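Listed here are the chains, written in short residue letters.
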Amino acid sequence: MSTTGERTTARTGAIGADPRRVDGPRKVAGAAPYAYEYQAADAAYLAPVQATVARGRVAAVDTAAAEAAPGVLAVLWHGNAPRLREDAELPGLQQPGELHVLQSPEVHYRGQPVAAVVAETFEAAQHAAALVTVTYEQLPHDADFSGDRTDLVAPEEDHRQGDVGAAEGEVVVDQTYTTPMQHNNPMEPHSTMARWDGQAITLHESTQGAHMVRETVAELLGLEQGRVRVVAPYVGGGFGSKGPLHAPTVLAVLGARAVPHRSVKLAATRRQMFSLVGYRSPTVQRVRLSADAQGRLTGIDVTATVQSARLGDFIEEAAGPAKSMYAAPNRRMGHRAARLDVPVPTWMRAPGECPGMFGPEVAMDELAAACGLDPVEVRVRNEPERDPATGKPFSTRNLIACLREGADRFGWHDRSPRPGTRREGDWLVGTGVAASFYPVVPPVSGSRALVRHTGDGHYVVSLGAADIGTGAWTALTQVAADVLEVPLDRVEVRLGDSALPLASLAGGSTGMMSWGSTVHAAATAFRARHGEDPPPGAETAADLPEAAHRDDYAMHAYGAQFAEVRVNADTGEVRVPRLLGVFAAGRIVNPRTARSQFVGGMTMGLSMALHEESVLDPRFGHVVNADFAEYHIAASADVADIQAHWIDEHDPLVNPLGAKGIGEIGIVGTAAAVANAAYHATGVRVRRVPLRLDDFLPGAGG
């Protein structure tokens, strides 16, 4: 059985129902403040000055004109900026080099902050920043990413089973697939309001983890964590880039230290988002599949070349998904990295899995064509009995169920196997499929929830989780109400503040798994301790339960994505009128917010297939299309019919809720399904995204 997000699942109680969002009325009314929107009578504003060279040293900084400008409170540069601890022990996700802002004259990438102005108004800060003159000693730089470089490094040993060199088959697919650099662009840019009172600092921050920000800032400033408070109840999207800290937050902190008792505001401009807060690495994926005539794989060989930075190492693990997807006796997966004079990459929705499933899933489509098999069937024939990477049994693996149900819902069985045979007027029409995969990721840290009875059957549930628009306010209310056996309106959830109990980061699709399991444990402990008629003021706290079966089973979510593509025979224009996904992601707590997550991921995957590409000019080391006029993203008009369905999957082994992450699996496989459908429409195989008009014009090859 499966259900769409438009229907309520057939469950009793709050879990599985689809009430409206708890935070919806506040957001619609404009009563839910985001970081930059907090009002402060003492507000000041910070504007960065960014490096105009890709590598070098700051030789001189002339601040005289800026300091003389009206309204200027401080001009910071490496010669006078407050000091940060060089030996700070930062959380593992952070990049120390990226965060030591204005601490030395070294320039590591174009766009790096080299100075900053704090002023009474936003306009005054921007004007004065333009008056700062920076002179550089420019050094040779290298920002040219390529899979053919001779200086690529292997960040870890390749994953090997059997001998891919000896793997033989009657059918071999051996191709290279590429995905571009992409930039996170959540609706709310990275924003901070920081205030230093001489003893402690308070940050209103757009972040995926208030406690991680607190820990990082405390370490950088050499403060006890109790002297740092981070407030982040509402966050307008993150997609991974707001997991670790980046330079803008540190600039705001330095600005606040420079002008004590003032609230210093900084919101990154859209253009600054393309240089200061990370990005998804481009990838070059060499994929070699060998199979027998029946399409059963004998070898899988995937090597992904990715971009990293000299300033800090970040590896987009694009070869990782192939380790667990399909059965084959001979396997190798590995990475090669180019360390360049560029900003440090970071997480972007489904890092590793999103780009990493593109090459193998297009290669599987090519394998199906070479074997004369249906693309759904070739995936079914290579279903593993155990996790190929670890040999562990799966807690659940419902990929075949997703493929079968998706094919039925999409009308796949009416499809002609021959490409380029269906035409409607000026449009060539095709359909394609790809699998989705995302692991059940352990949370970055523990979590703790506190349940308190306030009287008259009303409860307050507190933990410091960050709802980045995923629906955590609502889903956690449902979990607590279900266990406490009270109506939803009797539960008030408090989130997004480091003063509340510890909560893990909203990243890796771990939010509902970790926070929901923690709230479930706290509410269960409360009921066990205080019974059904607790006195006012009764309270109980509990920590995230240990995952008892994590080491015994392979735990993943799966899905199947189907796309219809139309390519104009004369112009090469590509349109996607239909997308349909079916997912197996454990227990669905709230169908309304789950559908929103699945559809959001699929739309972002469509954006990857048709539009998104950051173009870096290696001569100067900067992204040339760093605005929404030229960095295109999908809009509602790009797909008329987008559907998300799911298998009613019961997996009690993953956690007490039986929930798997859903925030990222929706983007995985979408671009491959679109590329495969474009091939079916035209007979032209394109092995990179985004797809372009000229890929399909007469005489153009894939």
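Notes on the structure follow. The model shown is predicted, which means the values in this text are computed figures rather than measured ones.

This paragraph deals with the packing of helix α15 (residues 591-610) against helix α16 (residues 670-682). Closest axis-to-axis distance for the α15/α16 pair is 7 Å, and the angle between their directions is 50 degrees. In terms of orientation, α15 lies oblique with respect to α16. In this structure, α15 crosses over α16, and the sense of that crossing is right-handed. For the pair α15 and α16, the contacting residues are Gly601, Met602, Gly605, Leu606, Met608, Ala609 and Leu610 in the first and Thr670, Ala671 and Val674 in the second. Of the residues contributing to the contact of α15 with α16, the split by class is 7 nonpolar, 3 polar and no charged.

A separate point is empty space enclosed by the protein. All told, the structure shown has 7 cavities of 30 Å³ or more when counted by the stated rule. Volume-wise, the largest cavity comes out at about 80 Å³. By residue class, the composition of the lining of the largest cavity is 8 nonpolar, no polar and 1 charged.

To continue, consider the sheet that holds strand β13 (residues 263-267). Strands in a sheet are paired, the pairing made by backbone hydrogen bonds, and the direction either parallel or antiparallel. In space, the 7 strands of this open sheet follow the order β4-β6-β2-β13-β10-β11-β12, with mixed pairing throughout. Every interior strand has two partners, whereas the edge strands, β4 (72-77) and β12 (228-231), have only one. Taken pair by pair, the neighbouring strands of this sheet meet at an average axis angle of 20 degrees, ignoring direction. Against the sheet, helix α4 (residues 122-131) touches β2 (43-50), β4 and β6 (113-119), its axis set at about 25 degrees to β2. Contacts from helix α6 (residues 247-258) reach β2, β4, β6, β10 (191-196), β11 (201-205) and β13, with the element oriented near 25 degrees to β10.

In this structure, Leu297, Leu367, Phe562, Leu579, Phe598 and Val674 are the most contacted members of the largest nonpolar core, which totals 94 residues. In terms of residues, this core owes the most to one element, α15, which gives 9 residues. Core analysis: the second largest hydrophobic core is formed by 61 residues, Leu99, Leu251, Val253 and Tyr631 among them.

Further remarks concern helix α13 (residues 472-484). Within an α-helix, residues lying three or four positions from one another point in the same direction, as the helix has 3.6 residues per turn. The terminal C-alpha atoms of α13 lie 18 Å apart, and with 13 residues this matches the ideal 18 Å at 1.5 Å per residue to within 8%. Where burial is concerned, most of α13 is hidden: 12 out of the 13 residues are buried. Taken as a whole, α13 has its buried residues at Ala472, Trp473, Thr474, Ala475, Leu476, Thr477, Gln478, Val479, Ala480, Ala481, Val483 and Leu484. As for α13, its buried residues are in contact with α1 (24-28), β19 (448-455), β20 (458-462), β21 (491-494) and α14 (511-530).

Let us look at the packing of α13 against α14. Across the interface, α13 lies against α14 with an axial gap of 9 Å and an inter-helix angle of 30 degrees. Put simply, α13 runs roughly parallel to α14. Handedness of the crossing formed by α13 with α14: right-handed. Contacts from Ala472, Ala475, Leu476, Val479, Ala480, Val483 and Leu484 of α13 reach α14 at Met512, Trp515, Gly516, Val519, His520, Ala523, Thr524, Phe526 and Arg527.

Turning next to the state of the cysteines. All chains considered together, the criterion is met by 0 disulfides. Cysteine Cys354 remains unbridged, with the sulfur of Cys402 as its closest cysteine sulfur at 18 Å. With a relative accessible area of 3%, Cys354 lands in the buried category. What makes Cys402 buried here is its relative accessible area of 0%.

Right, let's get into the side chain of Asp365. If you trace the backbone, Asp365 turns up in helix α10 (residues 358-371). For Asp365, a relative accessible area of 4% translates into the label buried.

Relative to the helices and strands, His190 is located in the loop between β9 (171-179) and β10. His190 gets classed as buried once you look at its relative accessible area, which sits at 9%. A distance of 3.0 Å separates the side chain of His190 from the side chain of Ser241, its partner in a polar contact. Residues in contact with His190, not counting those within four places in the same chain, are Ser241, Lys242, His246, Leu266, Ala267, Ala268, Met273 and Val277.

Turning to the environment of Cys354, a few remarks are in order. By secondary structure assignment, the location of Cys354 is in helix α9 (residues 353-356). Remark: the alpha-carbon pair of Cys354 and Arg57, spanning 297 residues in sequence, is separated by 37 Å. Each residue touching Cys354, except ones within four places of it in the same chain, is listed here: Arg280, Arg349, Met608, Ile667 and Val668.

Where a strand is regular, its side chains alternate between the two sheet faces. Burial analysis of strand β18 (residues 427-439) places 12 of its 13 residues in the buried class, the great majority of the element. Both strand β17 (residues 423-424) and β18 contribute to a ladder of 2 bridges, which runs antiparallel. When the sheet's bridge partners are listed, Glu424 is paired in β18 with Trp427. In this structure, the hairpin formed by β17 and β18 is closed by a connection of 2 residues, where Gly425 is found at a positive phi of approximately 65 degrees. Note: β18 against strand β23 (residues 556-568), 13 bridges, orientation antiparallel. Each residue of the ladder has a partner; that of Pro439, found in β23, is His556.

This part covers α6. Taking 1.5 Å of rise per residue, the 12 residues of α6 would be expected to cover 16 Å, and the 16 Å separating its terminal C-alpha atoms lies within 8% of that figure. Within α6, 10 of the 12 residues are buried, which leaves the element mostly enclosed by the surrounding structure. Those residues of α6 not exposed but buried are Ala247, Pro248, Thr249, Val250, Leu251, Ala252, Val253, Leu254, Gly255 and Ala256.

Thresholds, definitions, all that
Residues numbered from 1 in each chain as written. Predicted model: local features only at pLDDT ≥ 70, side-chain atom pairs only at ≥ 80, totals over all residues. Heavy atoms only, no water. Axes fitted to C-alpha atoms, helices over the stretch in contact; angles between N-to-C directions. Helix = DSSP H or I, 4+ residues; strand = E, 2+ residues; numbered from the N terminus. Parallel < 35°, antiparallel > 145°, perpendicular 65-115°, else oblique. Left-handed = near helix turned anticlockwise from the far one by under 90°. Contact = heavy atoms within 4.5 Å. Nonpolar A, V, L, I, M, F, W, Y, C, P; charged D, E, K, R; others polar. 1 Å grid on protein atoms, 1.4 Å probe; cavity = no way out; pocket = protein on both sides within 12 Å on 5 of 7 lines; lining within 4 Å. Points joined across faces, edges and corners; volume = space filled by probe spheres on them. Pairing = 2+ DSSP bridges. Core = buried A, V, L, I, M, F, W, Y, C linked by side-chain atoms within 4.5 Å. Buried < 20%, exposed > 50% of the residue type's maximum accessible area, 1.4 Å probe, protein only. Expected span 1.5 Å × (residues − 1). Disulfide = S-S within 2.5 Å. Polar contact = N/O pair within 3.5 Å; in protein donor to acceptor, adjacent residues only side chain to side chain.

Take it as geometry only, folks, not as evidence of what the structure does.
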